[in-house]
Amino acid sequence: MNLLFTNGSIVLADRIWPLGQVGVAAERIDLIEEARTAASTGRTVIDLAGGYLTPGFVDVHVHGGAGHDFMDGTEEAFRAICLAHARHGTTSLLPTTTVARHEQHLAFLDVCRRLKGQDTGGARILGAHFYGPYFAKEARGCHPAEAVRPPISAEYEQYLGFDCITRATVAPELPGAEGFVRACRARGIACNAGHTYATFTQMELARSWGVTHVDHLFCAMSDRARLRLEQTYPMRGGVMEATLFFDDLTTEVIADAKHLERELLLLAYKIKGPDRLALCTDCNRALDMPDGPYIFGPKDGGEIIQRKDNVGIMPDGKSLASGVVGMIECVQTFHRLTGVPLVEVIRMASLTPARIAGADHETGSIALGKRADLLVLDKDLNVKQVYLAGDFIHQP
């Protein structure tokens, strides 16, 4: 279907165009021009009603939603999660693993390989984010402790053989971490550091192996204060300091108003900027679900958490346990708390994570020839319509 989006503001990668309109044909954006009378265009007109047309959001770190976790390892779970996140503006995502047993990761990867790039009824799967199990045990956060382990080639070569992993996370201080990163890079898989108490020096070394991204800044990572518990002097920098220092490292923040206070969002933005800082949801299965207990990760062997006060929290109430909101809520929160220009906040939820996922040539911005993954937002930044490759998939 040929479409024409008009009567609103177009959020381009570098500016908001209040008098523009966008055309779609054959799944692609084929027209970006100054708005004019839509009569006789031969297109179905979509009235933005004074709101915004933005690129669809891209989530590089997401575990679940609508009562399901990707680690449930079924097509039903994958499709339900993709549909749930589409309702919150996400049109592309990386299903993200948790710490789990070997056979559970194999089941996850099998489903991800089958559904990658296919119609899910919701957000498109760009590939897997292989996130657990290669964490530092003491930095595991809400992940179950029993299956945390260092990377061993006999195991991870099976994972890499599925040919559907887009990014993979490891704690650089683990034995075998370098071999894992180099094996990933040899297959074109980009690498992250996460759930790690590495030192600044270890992070510097990890960059030389091929680590380019750091998971959820300020969460489950070392800093000067944490490392001083192990060495009184001289004080050392950790993962947080390295992430902020090295310009070539990208990172992400969970902007749900629960994980990070305003000043930390502003600090991340000031140092990394909108082209190296992405928004992510880190969302668990409790998205769009009532408060109460849930399992983080696979139903067999996952960790019991609570949804409470619009966030995931451990049963003892002393630590957080991932997010429970979608990407549009993160956009609204980051914009409201920081005052960062909307065009940059949208970019942090679209083009920047698309680039981190290696998909910016196809999606992440409103540009000629790109796939028509588009959102219609009202003036208050609520999702009104969602389009995937030009096909309408959601309206509240």
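Quantities reported herein were computed from a predicted structural model and do not represent experimental measurements.

Scoring rules and cut-offs
- Residues numbered from 1 in each chain as written.
- Predicted model: local features only at pLDDT ≥ 70, side-chain atom pairs only at ≥ 80, totals over all residues.
- Heavy atoms only, no water.
- 1 Å grid on protein atoms, 1.4 Å probe; cavity = no way out; pocket = protein on both sides within 12 Å on 5 of 7 lines; lining within 4 Å.
- Points joined across faces, edges and corners; volume = space filled by probe spheres on them.
- Nonpolar A, V, L, I, M, F, W, Y, C, P; charged D, E, K, R; others polar.
- Helix = DSSP H or I, 4+ residues; strand = E, 2+ residues; numbered from the N terminus.
- Pairing = 2+ DSSP bridges.
- Axes fitted to C-alpha atoms, helices over the stretch in contact; angles between N-to-C directions.
- Core = buried A, V, L, I, M, F, W, Y, C linked by side-chain atoms within 4.5 Å.
- Buried < 20%, exposed > 50% of the residue type's maximum accessible area, 1.4 Å probe, protein only.
- Contact = heavy atoms within 4.5 Å.
- Phe/Tyr/Trp six-rings, centres within 6.5 Å; stacked < 30°, edge-to-face > 60°.
- Lys NZ or Arg CZ within 6 Å of the ring centre and 35° of its normal.

A. Summary view of the layout of surface pockets. One number sums up the size of the largest pocket: a volume of about 310 Å³. Along the wall of the largest pocket there are 23 residues; nearest its centre are Gly 141, Cys 219, Ala 220, His 259 and Leu 320. When grouped by side-chain class, the residues that make up the lining of the largest pocket number eleven nonpolar, nine polar and three charged. Approximately 170 Å³ is the volume found for the second largest pocket. Ile 165, Thr 166, Arg 187, Gly 188 and Ile 189 are, among the 15 residues lining the second largest pocket, the residues nearest its centre. Those elements that place two or more of their residues in the lining of the second largest pocket are strand 14 (165-170) and helix 11 (351-356). Take the lining of the second largest pocket: its biggest share by element is three residues, from strand 14. For the lining of the second largest pocket, the class distribution of residues is seven nonpolar, three polar and five charged.

B. Structural context of the sheet that holds strand 18 (residues 277-280). If you walk across this open sheet you meet the six strands as 13-14-15-16-17-18, and the pairing is parallel. Each edge of the open sheet is held by one strand with a lone partner, namely strand 13 (128-130) and strand 18. Pairs of neighbouring strands in the sheet enclose a mean axial angle of 30°, with direction left out of account. Across two bridges, strand 16 (residues 211-214) lies against strand 17 (residues 250-254) in parallel orientation. Bridge pairing in strand 17 places Val 214 opposite Thr 251.

C. Local environment of the nonpolar core. Ranked by internal contacts, the top residues of the largest apolar core, which has 95 residues, are Leu 109, Ile 165, Val 253, Leu 279 and Phe 334. It is helix 9 (residues 327-338) that contributes the most residues to this core, six residues altogether. Ignoring any residue separated from it by four or fewer positions in sequence, one finds Leu 279 in contact with Val 58, Val 253, Ala 255, Met 327, Cys 330, Val 331, Phe 334, Val 345, Met 348 and Ala 349. Leu 12, Leu 48, Ala 372 and Leu 374 belong to the second largest nonpolar core, which has 15 residues in total.

D. The packing of aromatic side chains, seen in detail. Under the counting rule described, the total for this entry stands at twelve aromatic pairs. Here Tyr 387 and Phe 392 contribute two aromatic rings whose centre-to-centre distance is 5.6 Å and whose plane-to-plane angle is 65°, an arrangement assigned as edge-to-face. According to the relative accessible area criterion, Tyr 387 is buried, its value standing at 4%. Taken together, Phe 130, Tyr 134, Tyr 156, Tyr 159 and Phe 180 form an aromatic cluster joined through their ring pairs. Here Arg 207 stacks its cationic end above the ring of Phe 246, 3.9 Å away from the centre of that ring.

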